[in-house]
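A closer look at the structure
Read off the chains here:
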Amino acid sequence: MLALFYIFIAVAIGVSFWQITRIMNLRSVIATDKDNETQGKLALGFLAFLYAMMIYCLIAMNVIMLPEAASFEGEHDDNLFNITFWLIGIVQFAMQFLIFFFTYKYRGNKNNKALFYADSHKLELIWTTIPAVTIVLLIGYGLWAWNNIMYVGSEEDPIVIEVYSQQFRWDARYAGEDNQLGLGNVNYIKGINTMGVDMSDPSAQDDKQVTELYLPKGKKVLFKFRSQDVLHSAYMPHFRAQMNCVPGMVTQFAYTPKYTTAEMREKDEVKAKVEGINKIRRAKGEDPYEFDYLLLCNKICGASHYNMQMKITVVEEEEYNKWLSEQKTLAQVIK
Ligand SMILES: [Cu+2]
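Residues numbered from 1 in each chain as written. Predicted model: local features only at pLDDT ≥ 70, side-chain atom pairs only at ≥ 80, totals over all residues. Heavy atoms only, no water.

Looking up the chain in an unreviewed UniProt entry gives the name cytochrome-c oxidase, with the organism given as Tenacibaculum caenipelagi. Under the Sequence similarities (unreviewed entry) heading, UniProt states for the chain: "Belongs to the cytochrome c oxidase subunit 2 family." Heading Subcellular location (unreviewed entry) of the UniProt record for the chain holds this comment: "Membrane". (UniProt positions renumbered as here; feature names shortened; annotations may be inferred.)

Put into structure tokens, the structure is as follows:
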């Protein structure tokens, strides 16, 4: 056995010496002009492939992208996204061309001579200033949009709704007549009081707990988030809003719904997307999908995280008032 091992080592050493001598020989092999010509043309071919893939993905993936923002605050997210997308898109389209075209244009050639070029202050000034100013403007707009949806310093009088997260469900509570949520704490969770509302708090009496969100069109809604167990993230993609739900603290965002669910379903853009999605679902043998606004969990919070969602229905104000008046107050439900 040991003899076999020695033989193996001897062979391994022999192979390494052989490889090393091959590498030494390679040093004298330099690519010919013909090789450079081929490699240069391959670089151009790769550029064409890259562009084709980019355009194909943009068109093919469009069907699973979100439709137009369904909240007034979300319009700014879409603006930011579009500006950034086209800016980066155009710049990278041009840069890819320069990279691969110059690779081809300055391919190795015996007759070429390198040019010594130290630096250019003018060029450096341009490529520092333009990106810096652009980024400052984009971040400025982004911060403004952030404050806007976080309800910082807004004068409006919003409808207050609490959204409560736990593994693996959502509960919601409307603030009721007084538009003031009663205090909540995990210690008060008992029986049907699944959100842990402090029933000795006067402002808790008229609160209404529901399992589906109804929102009125054109009215500002302020969401307050709590979590019972781990980090969750309240994600309402159609309204372009997302916020972490953190155990032990209350977080928030606010937006104004722009279209009712029915109006959204009638939009050509939404119809085309629903049709595209249903084509994929049919091929898989799944039930057809109908457009609905959704609240999803966007933090991987455990095994059934994927299933943690709540339907959001946006209706005209009249219908919203009617629906809300039909819901029972906590005082009626919890004795
Ligand atoms: Cu979750």
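On we go from here.
Residues Tyr 293, Leu 295 and Cys 297 point to one face of strand S9 (residues 293-297) and are all buried, whereas Leu 294 and Leu 296, pointing to the other face, are not buried. The pairing of strand S6 (residues 232-236) with S9 spans 2 bridges and is antiparallel. Within S9, the position partnered with Tyr 235 by the bridge is Leu 296. Two elements, S9 and strand S10 (residues 309-315), share 4 bridges in a ladder whose sense is antiparallel. Residue pairing for S10: Tyr 293 is matched across the bridge by Ile 312. (Buried < 20%, exposed > 50% of the residue type's maximum accessible area, 1.4 Å probe, protein only. Helix = DSSP H or I, 4+ residues; strand = E, 2+ residues; numbered from the N terminus. Pairing = 2+ DSSP bridges.)

Per the UniProt record, "domain: Cytochrome oxidase subunit II copper A binding" (unreviewed entry) is found at residues 156-326. Within residues 156-326, the helical portion is 19% and the strand portion 32%, while the C-alpha atoms at the span's ends are 26 Å from each other.

Per the domain assignment, the segments of the chain are domain 1 (41-108 + 120-150) and domain 2 (156-333). The straight-line distance from the C-alpha centre of domain 1 to that of domain 2 is 34 Å. In this complex, domain 1 contributes 20 residues to the contact, which on the side of domain 2 involves 26 residues. When the buried area of domain 1 at its contact with domain 2 is split by residue, Pro 67, Glu 68 and Ala 70 rank highest and sum to 30% of it. Our enumeration of links across domain 1 and domain 2 arrives at 5 salt bridges. Between Arg 240 and Asp 78 there is a salt bridge, and its shortest N-O distance comes to 2.6 Å. (Domains from an automatic or database assignment. Contact = heavy atoms within 4.5 Å. Buried area = accessible area lost by both parts, 1.4 Å probe. Salt bridge = Lys/Arg side-chain N within 4 Å of Asp/Glu carboxyl O.)

Quick look at the coordination of the copper ion now. At this site the copper ion is bound by His 232 (ND1), Cys 297 (SG), Cys 301 (SG) and Met 308 (SD), with donor distances of 2.0 to 2.7 Å. The coordination sphere of the copper ion comprises 4 donor atoms, whose angles at the metal cover 94 to 122°; the geometry is tetrahedral. For the copper ion, all donor residues lie on one chain, and their spacing in sequence is H-x64-C-x3-C-x6-M. Taken together, the residues His 232 in strand S6 and Met 308 in the loop between S9 and S10 connect sequence positions 76 residues apart. Of the two residues, His 232 and Met 308, neither departs from the other in class, the shared state being buried. (Donors = N, O, S within 2.8 Å, 3.2 Å for Na, K, Ca; no water. Tetrahedral: all angles 85-135°; square planar, octahedral: opposite > 155°, others 65-115°.)

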